[in-house]
Amino acid sequence: DKPILNADPLQLVRTEQILPQLALRELAGDASAGLAVQALQAGQLETARAALTYATTIPAVEQAGRLAQLGRAYLDAGDLAVAGQVFRLVVPLAVLNDTIPTQERVQLLVQAADGYIGSENAGAARDALVQAQRIAVQTPDLVPARRADLFAEMRRVAERLDDTALEQQLADLARNPY
């Protein structure tokens, strides 16, 4: 079965592809974050996906970054549907978790948008870029030069979408980030 973007991520982990040796190490007390990194490095994407999806002890900034890394690995493997599903996990962490620094939240959303484009989910990519734009516009803790850089980065991703209004809006914000 091919997972859809808005399906329950907890139900989509393909358990038959999980490497038992790594998965059981968490029960032995190994940290979820370390196991996810080991699984990613070993190319065991579904094991990393399970570790990151079910993790409750990994700090949000690390979990979101690892999920973005995992999404790119799925894109590289040609598994576009699962890549989209993984990038879907990045977005709420970046939008809702204010323990993640603002700049990283915006960058995570831009990475998610880029991943959505790669996984052929243009609508979700646009939504992620709009969220990134809102955070960058409304936050008081970004200096204008950095804000302009973030808007330019968003624009580069928006250029791959067929949305000239969003692209123009981001270009305007990059020119005048105040």
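Residues numbered from 1 in each chain as written. Predicted model: local features only at pLDDT ≥ 70, side-chain atom pairs only at ≥ 80, totals over all residues. Heavy atoms only, no water.

### Things to note about the overall build of the protein chain
Of regular secondary structure, the protein chain possesses 10 helices and 0 strands. In the protein chain, the succession of helices and strands from N to C terminus is α-α-α-α-α-α-α-α-α-α. Relative to its full complement of 178 residues, the protein chain shows a buried share of 47%. For the protein chain, restricting intrachain contacts to residue pairs at least 6 apart in sequence, the fraction spanning at least 24 positions comes to 61%. As presented, the protein chain carries roughly 9,100 Å² of accessible surface, and 50% of it is formed by carbon and sulfur atoms. (Helix = DSSP H or I, 4+ residues; strand = E, 2+ residues; numbered from the N terminus. Buried < 20%, exposed > 50% of the residue type's maximum accessible area, 1.4 Å probe, protein only. Contact = heavy atoms within 4.5 Å. Areas by Shrake-Rupley, 256 points an atom, 1.4 Å probe, with all protein chains shown as cover.)

### Side note on the pattern of salt bridges
It is possible for side chains bearing opposite charge to pair when their charged atoms get close. Enumeration over the complete set of coordinates arrives at 7 salt bridges. Taking the shortest distance from any N to any O, the salt bridge between Arg-126 and Asp-163 comes out at 2.4 Å. Placement of the pair is Arg-126 in helix H8 (residues 122-138) and Asp-163 in the loop between helix H9 (144-158) and helix H10 (164-175), with a sequence separation of 37 residues. Judged by its relative accessible area of 35%, Arg-126 is partly exposed. The class of Asp-163 is buried, set by a relative accessible area of 15%. Residues Arg-155 and Glu-167 are paired through a salt bridge, measuring 3.8 Å at the closest nitrogen-oxygen approach. (Salt bridge = Lys/Arg side-chain N within 4 Å of Asp/Glu carboxyl O.)

### A few points about the side chain of Arg-146
Its place among the elements puts Arg-146 in helix H9. For Arg-146, the side chain forms a polar contact with the side chain of Gln-103, separated by 3.2 Å. The residues touching Arg-146, leaving out its near neighbours within four places in the chain, are Gln-103, Gln-107 and Glu-153. (Polar contact = N/O pair within 3.5 Å; in protein donor to acceptor, adjacent residues only side chain to side chain.)

### Considering the confidence of the model for the protein chain
Of the residues in the protein chain, 86% reach a pLDDT of 70 or more, and the chain-wide mean stands at 89. Mean pLDDT across the secondary structure elements of the protein chain bottoms out at helix H1 (residues 9-12), with 64, and peaks at helix H7 (residues 102-118), with 97. (pLDDT = per-residue confidence, 0-100.)

### Some details on H10
Between the first and last C-alpha of H10 there are 16 Å, a value that for 12 residues agrees with the 16 Å anticipated at 1.5 Å per step. Those residues of H10 lying buried are Leu-166, Glu-167, Leu-170 and Ala-171. Here the buried residues of H10 occupy an arc of 135 degrees about the axis, which is enough to place them on one side. For H10, exposure combined with an orientation more than 90 degrees from the buried face picks out Thr-164, Ala-165 and Arg-175. Looking at the buried residues of H10, the elements they touch are H8 and H9. (Expected span 1.5 Å × (residues − 1). Arc of directions from axis to C-beta.)

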